[in-house]
Amino acid sequence: MRPARALIDLNALRHNYRLAREVSGARALAVVKADAYGHGAVRCAQALDGETDGFAVACIEEALQLREAGIQAPILLLEGFFEADELALIEQHRLWCVVHSAWQIDAIEQASLRAPLTLWLKLDSGMHRVGFHPDEYQAAYQRLLRSGKVAKIVLMSHFARADELDCPRSDEQLAVFEQARQGLLAEVSLRNSPALLGWPNVPSDWVRPGIMLYGATPFEQAQALADQLQPVMTLESKIIGVRELPAGEPVGYGARFVTERPTRVGVVAMGYADGYPRHAPTGTPVLIDGKPSRLIGRVSMDMLTVDLSDLPQAGLGSHVELWGKRVLASDVATQAQTIPYQLFCNLRRVPLLYSGN
Ligand SMILES: *Cc1c(COP(=O)(O)O)cnc(C)c1O
């Protein structure tokens, strides 16, 4: 069997969820959209069920997958419904629903529902993606109240630059939010992972941690709280081939790497078809049998090459960590000019193996 696989440590997931709760002192919706950032939404939700305050997903398809697996906790649809006829399922499965657009309020007013809805009313406080304009926010709130179809409204917004710890933009967005919600007596939810870890003074009844649950830092620089996160995923494989090359020999597609000295090249069963980033350059860290080494040459679809020159013990069958507890996904992401979110979400083909549950 091909040795490429991703190990998922559910104890680490629970540790990170507890940290999110502790740090914020708020109730926390575990964000498990996009198949729990590639970690497997059902297994991750089952591991957190029983202690979580609820889950958040991108769409009803993702929510129904969790309900079908027996998850009973609240589930928030972060973009609400895309079509009005989803409201019947939202009611039937007791889903919570973001409202970000006037047409969604129209649909709620017109729907015939037996049970009142829990809605999260989204303000565009400056990210300019979705949400009501500050001037329209109070009116949207009042319309929902008057519809008679609402059990509870949570006030929410989203930061665009919370990962930049010295940037004034989050405080500006917070000021817009505070102004827009004046006089409304309702719970609030503003913080994703970077805001939760980096912006302690933002008011929170509910937080929405995503990437931090999976143990990756949302920040580019070191941050004391993010340092306490435990990586959940280990992407690993084995050496399946070894070459001894003299100086001056090209390795891989495009001859992007040429040996500068006699070099022992290890071939690893892992490629961009598994989700390892093709743009990771020579020098990207890997761990071979627990010892640091580096990627060399271009990543191909099913294989990549590493430098074994300084690791004489390593050879066929040696264990390779592409990212995990010691090679941080965020460091690999930086090398590949992307973010750990995308590395995790791009994972495919490799089996997910769970421990800790
Ligand atoms: C995805 C998402 C989150 C989680 O963000 P992280 O940066 O992964 O913590 C929180 N809130 C909303 C609205 C989201 O779409």
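Below, the structure is looked at part by part. (Residues numbered from 1 in each chain as written. Predicted model: local features only at pLDDT ≥ 70, side-chain atom pairs only at ≥ 80, totals over all residues. Heavy atoms only, no water.)

### Quick look at the environment of Ile-108
Within the secondary structure layout, Ile-108 lies in helix H6 (residues 102-110). Between the alpha carbons of Ile-108 and Met-270 there is a distance of 48 Å; along the sequence they are 162 residues apart. Not counting the four nearest positions on each side in its chain, Ile-108 is found in contact with Phe-81, Leu-87, Val-99, Leu-117, Leu-119, Leu-144, Ser-147 and Lys-149. (Helix = DSSP H or I, 4+ residues; strand = E, 2+ residues; numbered from the N terminus. Contact = heavy atoms within 4.5 Å.)

### As for the site of the ligand
Lining the immediate environment of the ligand, one finds 14 residues, of which Lys-33, Tyr-37, Ser-193, Ile-211 and Tyr-341 sit closest. One of the backbone N or O atoms of Gly-210 is found 2.8 Å from an oxygen atom in the ligand. Between the ligand and Tyr-341 there is a distance of 2.7 Å, counted from an oxygen atom to a side-chain nitrogen or oxygen. Considering the ligand on its own, with 390 Å² of exposed area, one finds that the protein chains cover 92% of that surface. Looking at the shell around the ligand, the elements that each hand over two or more residues are helix H2 (33-37) and helix H9 (193-198). (Near = heavy atom within 4 Å. Polar contact = N/O pair within 3.5 Å; in protein donor to acceptor, adjacent residues only side chain to side chain. Areas by Shrake-Rupley, 256 points an atom, 1.4 Å probe, with all protein chains shown as cover.)

### Digging into the packing of helix H1 (residues 10-24) against helix H3 (residues 41-48)
Relative orientation of the contacting elements H1 and H3 amounts to 60°, with a least axis distance of 10 Å. Put simply, H1 runs oblique to H3. As H1 packs across H3, the resulting crossing turns out to be right-handed. Residues Leu-10, Leu-13, Arg-14 and Tyr-17 of H1 touch H3, and the partners they reach there are Arg-43, Cys-44, Ala-47 and Leu-48. In the contact of H1 with H3, the residues fall into six nonpolar, no polar and two charged. (Axes fitted to C-alpha atoms, helices over the stretch in contact; angles between N-to-C directions. Parallel < 35°, antiparallel > 145°, perpendicular 65-115°, else oblique. Left-handed = near helix turned anticlockwise from the far one by under 90°. Nonpolar A, V, L, I, M, F, W, Y, C, P; charged D, E, K, R; others polar.)

### Digging into unusual backbone geometry
Even without being a glycine, Ala-34 presents a positive backbone phi close to 50°. By secondary structure assignment, the location of Ala-34 is in helix H2. Phi angles above zero are rare outside glycine, and Arg-349 is one such case at about 70°. Structurally, Arg-349 can be placed in the loop between helix H11 (340-345) and strand E19 (352-355). Overall, Arg-349 belongs to the partly exposed group, its relative accessible area being 45%. (Buried < 20%, exposed > 50% of the residue type's maximum accessible area, 1.4 Å probe, protein only.)

### Digging into the packing of H6 against helix H7 (residues 134-147)
Closest axis-to-axis distance for the H6/H7 pair is 10 Å, and the angle between their directions is 10°. When the axes of H6 and H7 are compared, the pair comes out roughly parallel. Residue-level contacts link Ala-102, Ile-105, Asp-106, Ile-108 and Glu-109 of H6 to Ala-140, Arg-143, Leu-144 and Ser-147 of H7. Among the residues making up the contact of H6 with H7, the classes are represented as five nonpolar, one polar and three charged.

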